[in-house]
Amino acid sequence: MSRLLAAIVGPRVPEDELRARRARYLAPTLTLMLARLLLLVSVFLPYWHMELVAPQYPNGLFLTAHVSHLSGDVREIDGLNHYIGMRPLGEAAAFERAAAVWAILAMFLLVEGAAFVHSRWATLLALPAATFPIAFLVDLHLWMRTFGLNLDPDAPLSSSVKPFVPTVIGEGGIGQFRTFADLGVGFWLAAASSALTIVGFYFHRRAYRPLTLRAGAERTGRAA
Amino acid sequence: MKTTGSTFRFRTLAMTAALGGACLGMLAPEASAQESRRRRGGAEAAKPVELTAEHVGLLTKIADERRLNVDDLLAAAKTFMPSGRHDEYVLFSSGGQSGQVFAIGVPSMRLLRSIAVFTPESWQGYGFSGDNDHVAESLKIMGKPVLWGDTHHPALSETGGEYDGEWLFIGDKANARVAVIDLRDWETKQIVKNPLTISDHGAAFVTPDTEYIVEGGQYATVLGYGYAPPEQYKEAYRGMVTLWKFDRVKGRIDEARSFALELPPYWQDLADAGKRASDGFIFINSFNAEMAAGGVERGEPPFEAGASKRDMDYLHIIDWRKAEAAFKAGKAKAINGFPVIMLETSVAEGLLHFAPEPKSPHGVDITPNGQFIIVAGKLDPHVTVYSIDRVKRAIAEKKFSGQDAYGVPILDFDAVKEVQVELGLGPLHTQFDDKGYAYTSLFLDSAVARWTLGGEYESLNSDRPWKLVQKTPVQYNIGHLSAAEGDTVSPDGRYLISMSKWSVDRFLPTGPLLPQNFQLLDISQPGATMPVIYDMPLGVGEPHYCQMIKADKLKTWKVYPEVGWNPHTQRLDPNAPRQGQEGVTRSGDHVLVNMTAVRSHFHPEHVEVNEGDTVTWRITAVETAQDATHGFCIGAYNINLSLEPGEFAEFTFVADKPGTYPFYCTEFCSALHLEMMGYFHVKPKAVSATDADEASGAVVAR
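Residues numbered from 1 in each chain as written. Chains lettered and ligands numbered in written order. Predicted model: local features only at pLDDT ≥ 70, side-chain atom pairs only at ≥ 80, totals over all residues. Heavy atoms only, no water.

**Describing a nonpolar patch on the surface**
Residue and element names in this part refer to chain A.
Moving on, step 1. Together, Leu4, Ile8, Trp121, Leu124 and Leu127 line one region of the surface with nonpolar side chains, adding up to about 490 Å² of accessible area.
Moving on, step 2. Counting only elements with at least two residues in the nonpolar patch, the list comes to helix H1 (2-9) and helix H6 (121-149).
Moving on, step 3. Ranked by residue count, the leading element in the nonpolar patch is H6, at three residues.
Moving on, step 4. Within the secondary structure layout, Ile8 lies in helix H1. (Patch = residues over 30% accessible without salt bridge, like charges linked within 9 Å, V, L, I, M, F, W, Y side chains within 5 Å. Areas by Shrake-Rupley, 256 points an atom, 1.4 Å probe, with all protein chains shown as cover. Salt bridge = Lys/Arg side-chain N within 4 Å of Asp/Glu carboxyl O. Helix = DSSP H or I, 4+ residues; strand = E, 2+ residues; numbered from the N terminus.)

Right under this line is the structure:
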């Protein structure tokens, strides 16, 4: 069991080696630390915005998605959506929003763990954080698609507004509304975190792969 | 084989930084982020105008076709508001016999809104809320409804002598009432009836910090609604001035802390509170020092002659701080339950002095520095200017020329008079600008006179002091006039409104009843340049006075602060039904309806009661979008509400007319506005008796 754990955690860095090549071993630690930091901060910032403009709303309506909640003119947008038979926004991605903070905390800890693990298994620990922004966008798109395509056929405006797929990024339109959607600061922080995680793993592998190989070779040697 | 301590320390540091960053993230306010996004689509900045030969040609062609001259084109350019552009000033005007207040944008002169005050107004749902309607209750006098008023003088609340944009007060001359309007939602919140007098005139004027709202009387009667024959005019009839205490926190007049002063039966006219140099005084004109009691039917001279016989009337000078102290010291006597400082007390305490003024004057207006009191002659071509320093000195040195029949000391005219300036025929009211000019309306001349002030104002323009500079004709019979913040301690100049009472030929004929003419004058240039640049017909009531406030001083709500807001209490109402709490419940013969209104339905849509039931109906407009207003009416039951976004309303009535009554939204709220309706079913007694078993349950909602 301890051998298996040792195999997963990977070899430790000898003190003399660490002293000799401090930068090499510090690079992945620092990069991944920054990645974690950005991911954590992103929880508090908006991931996605949509502005809806119509003649009678000259100041626009705003919808802002954080990982954990929706804000802005949700009530007003829901009120308008009932005319086309769209379900209330609060019903979309309820599980994701409820789980998001815990999920990000888990990703934070996994990347934290990845910094300790020097074997290739570390990559697996970092995978959720690295792919999170993409997963967010895909999830958002799928929910919008589900909501847009499943309009209540008995809604008052069902004859003039047909099921549609709302635009997740960029300009779209529905009824008399033009919609402008873009990504928020939170998303960009998560994306930067993702990029840093990948860069961090380049440093990680560069630093620890030789150690792993050497340890493997030693084991093979001993066995032989 | 261990990681170094320094890395650990670094990690701890990073964790702290992460948490710090997270906190910063929380601080980054989402609203401001949205606001900055909103601004993205803001109004385009105006580009400098370049007129090409082609433009000039087009303008010339239009001007020729429409018979406009260059002055007309300039006037149009000064007043035209492109769509979406907001006016710089708001004019709050009395609505005269309409019993309302009107808000008008300046310089465009577009009517923005009416505010119902003393008259029920159906669009605003003002006074159409069943039996316990607090508006209807507040409109009762001596227990009976009085459904109109004659609004005369609006008064914006002041702080340090400046309009603060928070409250608006207005007097009802016909019934001696004062109303309080909250300028956050532009709704009347309170109406107080003067317990002493039937009618008034000198209302409303505020002291410089809105400590009191002044309501001066007019036609003398027996105080406290009493009776005495006209033969006892001098003995029994009295004038009065009431000082209503305003409680800013509650947003209400505090009747318990208000008091009045008994005055001789000289018909008190316009009033104004002193400011700066004259702070602490109230000035009131009068115009029947003769104490004529009329009686044209008995061969006596009519009032118009009798009340204009003497050469002089009395400017009343009241030290209101001393009066307040006397009131607080218990020196008032209760009349009709209201504390009144009697004349002999006023004389004994030195609260009241008279200054002679040329006969039957009208307006009394105080210069921005408070130094001069200007009394307009009405029947005299002069304005008479008094200096507050002279007045104070004369009081201190007791420079009296005598006393009146009630023992009130009369200050020596020459001791208090600064100067008299001849302006023309029928001077009525005076306003001020920022360049040392005063503006007086000349009723008979149908003109606005611009003249120069003296004292510290001398240096502000190149004209000689105390001289008439310009008379601009207005159409016609100007009453009040109003310059931009022109009765405050710091007038803005720029614009002046002539409230012309006759329009005669100015507009298309509208039958024998003609609109008033609100004329806008450009007073931004000094000297003789003071053109009329706009005529606005106002075909509702006969307005008297108006005040012009800088629009950015108003802190108007766009929608009510929270859904379920009670505008009467200005707070969230615990009884306001929320979504999910709708329903109809019965207890005995009392039915409670909890309803919500949202685009585009009422919930519930069917309300069933029995004939004779008392129905209490509560509605919350569950809306937060600006202008998403609903109405609610039940035809034949005289009920109509205006339910502005977030507003909660409650009304009670007896369902005494059996039948099926559609109720509907009276404000075109949405594409499905016509569908926003429901039925109010009132089961006739005979039918409900047979259904008695069914109806005995607690809930009768469908």
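Having seen the structure, we can now continue with the description.
**Here's the deal with the side chain of B:Gln268**
Residues and elements named next belong to chain B.
Moving on, step 1. Mapped onto the fold, Gln268 is located in strand S14 (residues 268-273).
Moving on, step 2. Among the residues examined, Gln268 registers a relative accessible area of 0% and is labelled buried.
Moving on, step 3. In this structure the side chain of Gln268 is engaged in a polar contact, spanning 3.0 Å, whose partner is the side chain of His316.
Moving on, step 4. Contact partners of Gln268, with chain neighbours within four places excluded, come to His201, Gly217, Gln218, Gly239, Met240, Leu263, Ile284, Asn285, Ser286 and His316. (Buried < 20%, exposed > 50% of the residue type's maximum accessible area, 1.4 Å probe, protein only. Polar contact = N/O pair within 3.5 Å; in protein donor to acceptor, adjacent residues only side chain to side chain. Contact = heavy atoms within 4.5 Å.)

**Comments concerning the domain arrangement of chain B**
Residue and element names in this part refer to chain B.
Moving on, step 1. The domains assigned to chain B are domain 1 (165-296 + 310-353 + 402-414) and domain 2 (565-695).
Moving on, step 2. Put simply, the middle of domain 1 and the middle of domain 2, counted by C-alpha atoms, are 44 Å apart.
Moving on, step 3. Listed as interface residues are six residues of domain 1 and, on the opposing side, five residues of domain 2.
Moving on, step 4. Taking both sides of the interface into account, the surface hidden between domain 1 and domain 2 amounts to around 400 Å²; carbon and sulfur atoms contribute 26%.
Moving on, step 5. Contact with domain 2 buries surface across domain 1, with Glu187, Lys189 and Arg252 losing the most and accounting together for 71% of the total.
Moving on, step 6. The tally of links between domain 1 and domain 2 comes to zero salt bridges.
Moving on, step 7. Linking domain 1 with domain 2 are four residue pairs in polar contact (both at pLDDT 80 or more), by the criterion used here.
Moving on, step 8. By residue class, the composition of the side of domain 1 that touches domain 2 is no nonpolar, no polar and six charged. (Domains from an automatic or database assignment. Buried area = accessible area lost by both parts, 1.4 Å probe. Nonpolar A, V, L, I, M, F, W, Y, C, P; charged D, E, K, R; others polar.)

**A word on the sheet that holds strand S8 (residues 177-182) of chain B**
Residue and element names in this part refer to chain B.
Moving on, step 1. A sheet is described by the order of its strands in space; here four strands give the open sequence S6-S7-S8-S9, paired in antiparallel fashion. Only two strands of the sheet have a single partner each, and these edge strands are strand S6 (151-159) and strand S9 (187-193). The average angle at which neighbouring strand axes cross in this sheet is 25 degrees, direction not considered.
Moving on, step 2. Pairing geometry for strand S7 (residues 162-172) and S8, over six bridges, is antiparallel. Across the sheet, the residue bridging to Leu168 is Ile181, located in S8. (Pairing = 2+ DSSP bridges. Axes fitted to C-alpha atoms, helices over the stretch in contact; angles between N-to-C directions.)

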